[in-house]
Every structure is written in C-alpha cells, then in structure tokens.
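Now for the letters of each chain:
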Amino acid sequence: MRTPDSLRKSGRSPLLWVPTGYFTMALAYTMLTSVTAIIFKNLGMDNGRAAAYSSMLILAYTIKPLFAPVVEMYRTKKFFVLLTQVMVGLGFAIVGLAMGLPDWMWIMLGLFWIMSFIGATQDIASDGVYVTSLDTRAQSLYCGVQSLSWNIGPIVGSGLMVWLSGRLHADVFHHDPHAFGPAWMDAWRVIFFLVAGIIVVMSLWHARVMPEGARAENTPTSVKAAGSILWDSFVTFFQKRDVWKMIAFALLFRASIGLLDKIGPFFMVDAASKGGLGLSNEQLGIVYGTYGLVAVLVGSLLGGVFVARRGLKRVLLILCCAVNIPNLAFLVMSIALPSSMMAITVGVVVEKFFYGFGAVGYMIYLMQQLAPGKYATTHYAFGTGLMGLCNMVTGMVSGHLQEMMGYTMYFGFVLLVTLPALAATWFAPFHHSDGNPASDTPGRILEDPTHETAVHARAASDGRAA
C-alpha cells in the first residue's frame, strides 16, 4: 500500500495509528455494549435484567451526535483520544477493583454507564483525527484498513475475552463453568485488568504516533453556535421528502437483530433444562464471538460487492430477507437442541453470514438516500442513531419477553418481526441515485461519498451506531 506524498513527508504513516486507533475504539465499544450482557449473565442476573442493563449502555453511542460539536470546539482531537482512552482503561481497572465491595453490582453498573459516554467521546475524537488528518485520497486508501481493524475489536472482545473468562473460571479458579453467580467475579476481574492494560498501552502508543487532527471547516466557535447548527440540522432533516418512510425503514429493518443480539448468546449458555444449548464460555467465545463474527465480516464484504454490481434499489428487499429470514436457524436450534458443536457452529455462521450480507444495504441506504443535503454527515448520524435506538429498545425488552415466552416461542416471535421490516423496506423511497447506471431514478448521490464511507465503512460490517 503506497502512502500519499503529504503523509510520507509528515513521517507518520497512517498504518502506525489507524489500525490501533480503530481496534481500541472497537474493543471498548464491544466490551461495554455486548460483552457486558454475558458478564451480567455469568454473575447470576436473569435474562431480563442482563439484556436490559447491557442495552442501556448503547444510549451514549446513540446520542453522540448531540454532543459531538461541543467536543470539536476544545483542544485538539488527539487530546480527546488520549484522554478518553486513559479514562476508559482506568475505568475497567476500577471495575475490577470494585468487584466484591458492598453493593458492587450497582457500582459496576454506574461505572459502565459513565464509561459508555467516555467511549462514545473517544469515537468522536478518533473519527475526527481520521477525517481531518487524511485527505480524500488517503481516506479512501486506508478505508479497508480502518474497517478491518474495527472488526478485530469484536473478535478480541466477544471472542478471545469471553473464551479466556471461561478458561480462567474453570481451569485457574476451579469453579463450575455451568453455574452462574458471584464465583465468576474472579475470572472477569482478570479480564477487566487485561482490557484496561491493552487500552492504556494503546493510549501511550497513540501519544507518540497519532497526529493532532485539524479543526473542521464548519466547527462551531461557541456552545450557542453549536446548538443553532444542531437545531437547523433537525429542522432540515424532517423537511426531507418522505422522511417518515425513511425513519420507518431505519427503525424496522434491523428490529429482529436487536431482539436477537442479547438473547442469542443467552440461549447458547443456558442449560438444556432452561431450553438452552448449555455451552461454556469457551465454546461461546469460539462459536459466537469468533466464527460468527468472521462470518459477519465475510458476508458484509460479499454484500458490498453484490450491491455495487446490481444497485441498491433493485436488491434492497433481497437484503432485508437476508438479514431477517436466516433467524430461522435459532428457532430450529431451539426445537432440536443440537449437542453437536459442528451443527451449532453451522447454525450460527449461516445466520451471521446472511446478516452481514444484508446489513450492508442498510448503511448504504442511509448514505445514499437519508443523508444527502445540507448536513449530510449529521443526517447520516441521525440515521445510525435511529438504528442505535432500535437496538437499545429491542434489547431492553428482549430478555423480559424471552422469559415470558421461552426460547422456542420467542424465536418464532422474532421471525414475525420480519413482516413489518419487509413492509418498511418495500415502501422505502429512493429520491437520489443509487449509483447504478441502470437505475431510472433521477438524482444524485451523497455529496462527499468518500468522506462518509471512510468514516462509517466499519459500520456496514458490524452494524453499530456510528
């Protein structure tokens, strides 16, 4: 990969900080919004509370467009990257130290809540360094590196760390791997210290190699100016043609995934007497957190090629089916309760692959149809915020619904949610070109597609609220 002349002259290749920067972002995000569900489950919470508490941590990442302009106003972007990484790292260490204290569970929940806002600020600052330190050509050049590096974070968090927690719990601390309760504190305390160490080391590395990041041209100079810009972006957003159809699409397209996000891992580790598959944390980390996430990545890459060749308008309904219908794999597994790891792995990989394949269409739709206009970046963020809102709300109710219905009936209910998703996709409007010459819809694409794609490319494969 050749580096542009401007970057070679600076002596700081993006390869020194883009991979580590986005890996660090992803590791913090995954630990806070995904792995916490397994942590709460291991520590003895019921499915309802474990899913709800973990889903609440998505809020900060959902509303970060509201406080992003204020972050941009002060100091440098690198300063906020380093500050937030150190604070998140220390936060995980403090959580580890607090475990076992009186009311430690509430202390942990409070710390996680604070850390989620710090982590969201890290995302804002890191994206800001990327966009303002690299020119348009360099953004495109390193877009693949950025996306790949982001996806390594969930593999390490949901895969390696969950696997390691199980090994520590059973082999080092000699506890029953299938019994949930306070005994799991020993293993997760070690994991928290390990994650803290990784993030702090990354901050020290970034202090040496990360550029400062420039101020964006439209950065507000006061809180009042930031509020005025934000209000105008809200007004213009709701003035878009057929905006409510686009909002319905943004909310419903991934609703079934929001219902599965927390419950899928719970189903894997719950005992057969509770309708689960009885996997250990080690097995969950390998099947769900490694093979499953790799399948998402491969699916998203192939999905992107599929959309590029056919055009989004022609295939959006197919992509919606790809996201939702393979959820049938969980219904089949809940009925058959397979004991074969091969069968379980195939079921998870099939569902995750098609999710990754179809989810690309969601992000591209936001870029091409929802975002274009005066505030393209902000309106794109509103769209991903709607996605985050859907994930948070469905996640908060998912555990309680599953406890009322049982796994088999619940997974059947998840399939029913596919129907409104298909309807919203069918009526999703296309008022701008989808980039396909065969399209008969006049219009234009996002004014600065390279800029938007560079910042949000990773979101197409992991589906997070970017």
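Nothing here was measured: the structure is a model prediction, and the numbers come from that model. (Residues numbered from 1 in each chain as written. Predicted model: local features only at pLDDT ≥ 70, side-chain atom pairs only at ≥ 80, totals over all residues. Heavy atoms only, no water.)

Student: Whenever I open this one, the side chain of Lys352 confuses me. Can you help?
Tutor: Mapping Lys352 onto the fold places it in helix α18 (residues 341-370). Side chain to side chain, Lys352 and Tyr288 meet in a polar contact 3.5 Å long. Here Lys352 is in contact with Tyr288, Gly292, Ala295 and Val296, once residues within four sequence places are set aside. (Helix = DSSP H or I, 4+ residues; strand = E, 2+ residues; numbered from the N terminus. Polar contact = N/O pair within 3.5 Å; in protein donor to acceptor, adjacent residues only side chain to side chain. Contact = heavy atoms within 4.5 Å.)

Student: Is there a simple way to explain the packing of helix α15 (residues 281-310) against α18 in this structure?
Tutor: Contact pair α15 / α18: the axes reach a minimum separation of 6 Å and the direction vectors enclose 35 degrees. Judged by the twist between their axes, the crossing of α15 over α18 is right-handed. (Axes fitted to C-alpha atoms, helices over the stretch in contact; angles between N-to-C directions. Left-handed = near helix turned anticlockwise from the far one by under 90°.)

Student: Explain unusual backbone geometry to me, please; I cannot follow it from the model alone.
Tutor: Unusually for a residue other than glycine, Asp103 sits at a positive phi of about 60 degrees. Tracing the sequence through the fold places Asp103 in the loop between α6 (77-98) and α7 (104-133). Judged by relative accessible area, which is 59%, Asp103 ranks as exposed. Positive phi outside glycine occurs at Asp242, with the angle close to 55 degrees. Note that Asp242 resides in the loop between α11 (223-238) and α12 (243-252). Judged by its relative accessible area of 29%, Asp242 is partly exposed. (Buried < 20%, exposed > 50% of the residue type's maximum accessible area, 1.4 Å probe, protein only.)

Student: I keep staring at the environment of Ala423 and nothing clicks. Help me out?
Tutor: Residue placement: Ala423 occurs in helix α21 (residues 418-426). Sequence spacing of Ala423 and Ala248 is 175 residues, and the spatial spacing of their C-alpha atoms is 9.5 Å.

Student: What exactly am I supposed to notice about the environment of Phe427 here?
Tutor: Looking at where Phe427 falls in the secondary structure, it is placed in the loop between α21 and α22 (449-462). A C-alpha to C-alpha distance of 10.0 Å links Phe427 and Asp242, two positions 185 residues apart in sequence.

Student: Please clarify how the packing of α12 against α21 should be interpreted in this entry.
Tutor: When two helices pack together, you describe them by how their axes are tilted relative to each other and by the distance separating the axes. Following both chains from N to C, one finds α12 and α21 inclined at 145 degrees, their axes separated by 9 Å at the closest point. Between α12 and α21 the crossing geometry is left-handed. Residues Ala248, Phe249 and Leu252 of α12 form the contact with α21, whose own contacting residues are Pro420, Ala421, Ala424 and Thr425.

Student: How should the nonpolar core be read in this particular structure?
Tutor: Inside soluble globular proteins, nonpolar side chains tend to come together where they are buried. In this structure, Phe92, Phe112, Trp188 and Met268 are the most contacted members of the largest nonpolar core, which totals 93 residues. The residues touching Phe112, leaving out its near neighbours within four places in the chain, are Leu32, Thr36, Phe40, Leu57, Phe92, Val95 and Phe192. (Core = buried A, V, L, I, M, F, W, Y, C linked by side-chain atoms within 4.5 Å.)

Student: Mind showing me how you'd approach the pattern of salt bridges here?
Tutor: Oppositely charged side chains may form a pair once their charged atoms are brought near each other. Applying the stated criterion across every chain yields a total of 8 salt bridges. The partner of Lys41 in a salt bridge is Asp270, and the shortest N-O contact between them spans 2.9 Å. Highlighted residues: Lys41 in helix α2 (residues 18-42) and Asp270 in the loop between α14 (263-269) and α15, separated in sequence by 229 residues. Taking relative accessible area as the criterion, Asp270 reaches 3% and is therefore assigned buried. One salt bridge in this structure joins Asp123 and Lys64, with 3.5 Å as the shortest N-O distance. Here the residue Asp123 occupies a position in helix α7, and Lys64 occupies one in helix α5 (residues 64-73), the gap between them amounting to 59 residues. Among the residues examined, Lys64 registers a relative accessible area of 5% and is labelled buried. (Salt bridge = Lys/Arg side-chain N within 4 Å of Asp/Glu carboxyl O.)

Student: What am I meant to see in the confidence of the model for the protein here?
Tutor: Low-pLDDT stretches of the model should not have their predicted coordinates read in fine detail. Of all residues in the protein, 87% attain a pLDDT of 70 or more, and the chain-wide mean is 85. Of all the helices and strands in the protein, α22 carries the lowest mean pLDDT, 44, while helix α10 (residues 185-209) carries the highest, 96. Scored below 50 in pLDDT, residues 1-10 makes 22 contacts in the model with residues more than four places away or belonging to other chains. Segment residues 459-466 is flagged for pLDDT under 50; beyond a separation of four residues in sequence, or across chains, it makes 36 contacts in the model. (pLDDT = per-residue confidence, 0-100.)

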